[in-house]
Amino acid sequence: MKWIKKMLGLKSPVEKKMEKLVKLQEKGFLAQRNGDLRLAGQYYHEAEILETEIAEMMEETNGS
């Protein structure tokens, strides 16, 4: 079943958030590399919030 979802490009909400997390971390890294520490901090803060949401979602699925 997982391979069918992967083939069709269907993702769970957790997978979508993980993908968004990776993009935010990349943006933060690039902003920091370019010297814009304020923007990098914003991206990293958003990424941290998203990590917390993902952890809570994972706990709910594992706890049930």
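Residues numbered from 1 in each chain as written. Predicted model: local features only at pLDDT ≥ 70, side-chain atom pairs only at ≥ 80, totals over all residues. Heavy atoms only, no water.

## Describing the environment of Ala55
For the record, the criterion: In this text, helices come from DSSP runs of H or I with a minimum length of four residues, and strands from runs of E with a minimum of two, each type numbered from the N-terminal end.
Locating Ala55 in the fold gives a position in helix 3 (residues 37-63). Sequence separation of Ala55 and Arg33 is 22 residues, and the distance between their C-alpha atoms is 28 Å.

## Quick notes on the confidence of the model for the protein
Note the following rule: Per-residue confidence from the predictor is reported as pLDDT, which spans 0 to 100.
A residue-level look at the protein finds 98% of positions with pLDDT of 70 or above and a mean pLDDT of 91. Across the protein, element-level confidence peaks in helix 2 (residues 13-33) with a mean pLDDT of 95 and bottoms out in helix 1 (residues 2-8) with 74.

## Concerning a nonpolar patch on the surface
Inclusion rule: Patches draw on residues past 30% relative accessible area with no salt bridge. Two like charges within 9 Å are joined, as are two nonpolar side chains (Val, Leu, Ile, Met, Phe, Trp, Tyr) within 5 Å. Computed with the Shrake-Rupley method and a 1.4 Å probe, the accessible areas treat only the protein chains shown as cover for residues. Here a salt bridge means any side-chain nitrogen of Lys or Arg lying within 4 Å of a carboxyl oxygen belonging to Asp or Glu. Three exposure classes are used, based on accessible area relative to the maximum for each residue type with a 1.4 Å probe and protein chains only: buried under 20%, partly exposed in between, and exposed over 50%.
Taken together, the side chains of Met1, Trp3, Ile4, Met7, Leu8 and Leu10 define a hydrophobic patch exposed on the protein surface, amounting to about 740 Å² of accessible area. For Ile4, the location among the structural elements is in helix 1. Judged by its relative accessible area of 34%, Ile4 is partly exposed.

## Describing helix 3
Selection criterion: One fewer than the residue count of a helix, multiplied by 1.5 Å, yields its expected span. In this description, contact between two residues means that some pair of their heavy atoms is separated by no more than 4.5 Å.
The end-to-end C-alpha distance of helix 3 is 38 Å, a good match for the 39 Å that 27 residues give at a rise of 1.5 Å each. For helix 3, every residue scored as buried is listed here: Ala40, Tyr43, Ala47, Leu50 and Ile54. Along its buried surface, helix 3 packs onto helix 2.

## A closer look at the nonpolar core
Here is the rule: Only buried residues count toward a nonpolar core, which is a set of Ala, Val, Leu, Ile, Met, Phe, Trp, Tyr and Cys residues joined through side-chain atoms within 4.5 Å.
Counting residues in each nonpolar core, the largest one holds 9 residues, listed as Val14, Leu21, Leu24, Ala31, Ala40, Tyr43, Ala47, Leu50 and Ile54. Sort the elements by how many residues they give to this core and helix 3 lands first, with 5 residues. With near-sequence residues (within four places) excluded, Val14 lies in contact with Ile54, Met57 and Met58.

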